[in-house]
Amino acid sequence: MTTMMICQLTPIAALPQEGGSIEGFVFPKSWFQGLIRRARGDVAGANESFIGARAEMEKVVREQPNYAQAICILGLIDAGLGRKEDAIREGEQAVGLLPLQKDAINGILSIEYLAVIYAWVGELDRAIQQLAVATKEPGDLSFGQLKLRPVWDPLRGDPRFDKIVASLAPK
């Protein structure tokens, strides 16, 4: 189940205090709160939630400096906070620590999340490149997710994004 699916199906109050897990990625509850607030256009509320999530993930990364999934989540949070350089560095580091050849499931998720990071910080060309990789490999990224998930909003209207979405359309 993807992050946005959890947000759509589960009231935030129903999430456990420790957050939610997507494969090997354990997101703090405040991450989901930030996503919901961001999707609703509540920038200040999203930032408040992401700051809380950042503190939690920063602690995990300090304790486990090579834990790729936590570094990747920290990159997503930093992207949500507009911390472009940190977000890109963390996202790229996570992909380097989780190559597809080492871990096909979490490796493809880290590439997908790197695409989100790039999109959120305005690196649209790089986001499209990563998204193209993520959709060519086996994974759970689907037509519906690209079409509907608010995390992809920065790419909407880009003909390259539209082409990727169309390539995944049900036949």
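Residues numbered from 1 in each chain as written. Predicted model: local features only at pLDDT ≥ 70, side-chain atom pairs only at ≥ 80, totals over all residues. Heavy atoms only, no water.

Asks: Can you lay out the overall build of the protein for me, pointing to particular residues and giving the numbers?
Replies: A tally of regular secondary structure across the protein gives nine helices and two strands. Listing every helix and strand of the protein by position from the N terminus yields α-β-β-α-α-α-α-α-α-α-α. Looking at the protein residue by residue over its 171 residues, the buried ones come to 46%. Of the contacts formed within the protein by residues at least 6 apart in sequence, a portion of 54% connects residues at least 24 apart. Counting only carbon and sulfur atoms, one obtains 55% of the accessible surface of the protein, whose full area is about 8400 Å². (Helix = DSSP H or I, 4+ residues; strand = E, 2+ residues; numbered from the N terminus. Buried < 20%, exposed > 50% of the residue type's maximum accessible area, 1.4 Å probe, protein only. Contact = heavy atoms within 4.5 Å. Areas by Shrake-Rupley, 256 points an atom, 1.4 Å probe, with all protein chains shown as cover.)

Asks: So what's going on with the nonpolar core? Which residues, and what values?
Replies: Within the largest apolar cluster, 48 residues are counted, with the highest numbers of intra-cluster contacts made by Phe 27, Trp 31, Leu 131 and Trp 152. Looking at this core, the elements that each hand over two or more residues are strand E2 (25-27), helix H2 (29-39), helix H3 (43-63), helix H4 (68-80), helix H5 (84-97), helix H6 (104-120), helix H7 (124-136) and helix H9 (159-167). At 11 residues, H6 tops the list of elements feeding residues into this core. When near neighbours in sequence (up to four residues on either side) are disregarded, Leu 131 contacts Ala 115, Leu 141, Leu 146, Trp 152, Leu 155, Phe 161 and Ile 164. (Core = buried A, V, L, I, M, F, W, Y, C linked by side-chain atoms within 4.5 Å.)

Asks: Outline H2, supporting the account with residue identities and numerical values.
Replies: Of the positions making up H2, those classed as buried are Lys 29, Ser 30, Trp 31, Phe 32, Gly 34, Leu 35 and Ile 36. After H2 finishes, the residue Gly 41 shows a positive phi value of roughly 85 degrees.

Asks: Summarise the packing of H4 against H6; cite the residues concerned and give the values.
Replies: Remark: H4 packs on H6, axes separated minimally by 9 Å, with the N-to-C direction vectors making an angle of 15 degrees. It follows that H4 is roughly parallel to H6 by the angle criterion. Seen along the crossing, H4 lies across H6 with a hand that is left-handed. Within the contact between the two elements, H4 uses Gln 69, Cys 72, Gly 75, Leu 76, Ala 79 and Gly 80 and H6 uses Asn 106, Ser 110, Tyr 113, Val 116, Ile 117 and Trp 120. Residue classes in the contact of H4 with H6 are distributed as seven nonpolar, five polar and no charged. (Axes fitted to C-alpha atoms, helices over the stretch in contact; angles between N-to-C directions. Parallel < 35°, antiparallel > 145°, perpendicular 65-115°, else oblique. Left-handed = near helix turned anticlockwise from the far one by under 90°. Nonpolar A, V, L, I, M, F, W, Y, C, P; charged D, E, K, R; others polar.)

Asks: Could you give an account of the pattern of salt bridges, with specific residues and numbers?
Replies: For the structure shown, the criterion picks out 14 salt bridges. Between Arg 126 and Glu 92 there is a salt bridge, and its shortest N-O distance comes to 2.6 Å. Of this pair, Arg 126 sits in helix H7 while Glu 92 sits in helix H5, placing them 34 residues apart in sequence. Connected through shared salt-bridge partners, Arg 54, Glu 58, Asp 78, Arg 83, Asp 86, Arg 89 and Glu 90 make up one network. (Salt bridge = Lys/Arg side-chain N within 4 Å of Asp/Glu carboxyl O.)

Asks: Describe the packing of H3 against H4, naming the residues involved and giving the relevant values.
Replies: Packing of H3 against H4 leaves a shortest axis separation of 9 Å and a crossing angle of 155 degrees. Between H3 and H4, the interaxial angle falls into the category roughly antiparallel. Viewed along their axes, H3 and H4 form a crossing whose handedness is left-handed. Every residue of H4 that contacts H3 at Asn 47, Phe 50, Ala 53, Arg 54, Met 57, Glu 58, Val 60 and Val 61 is listed here: Ala 70, Ile 71, Ile 73, Leu 74, Ile 77, Asp 78 and Gly 80.

Asks: Run through the confidence of the model for the protein, naming residues and quoting values.
Replies: As a note on interpretation, predicted positions should not be read in detail where pLDDT is low. In this model, the protein carries a mean pLDDT of 89, and residues with pLDDT of at least 70 account for 88%. Across the protein, the element-wise mean pLDDT spans from 43 in helix H1 (residues 3-9) up to 98 in H5. Contacts for the low-pLDDT stretch residues 1-9, under 50 throughout, to residues beyond four places or in other chains number 25 contacts. (pLDDT = per-residue confidence, 0-100.)

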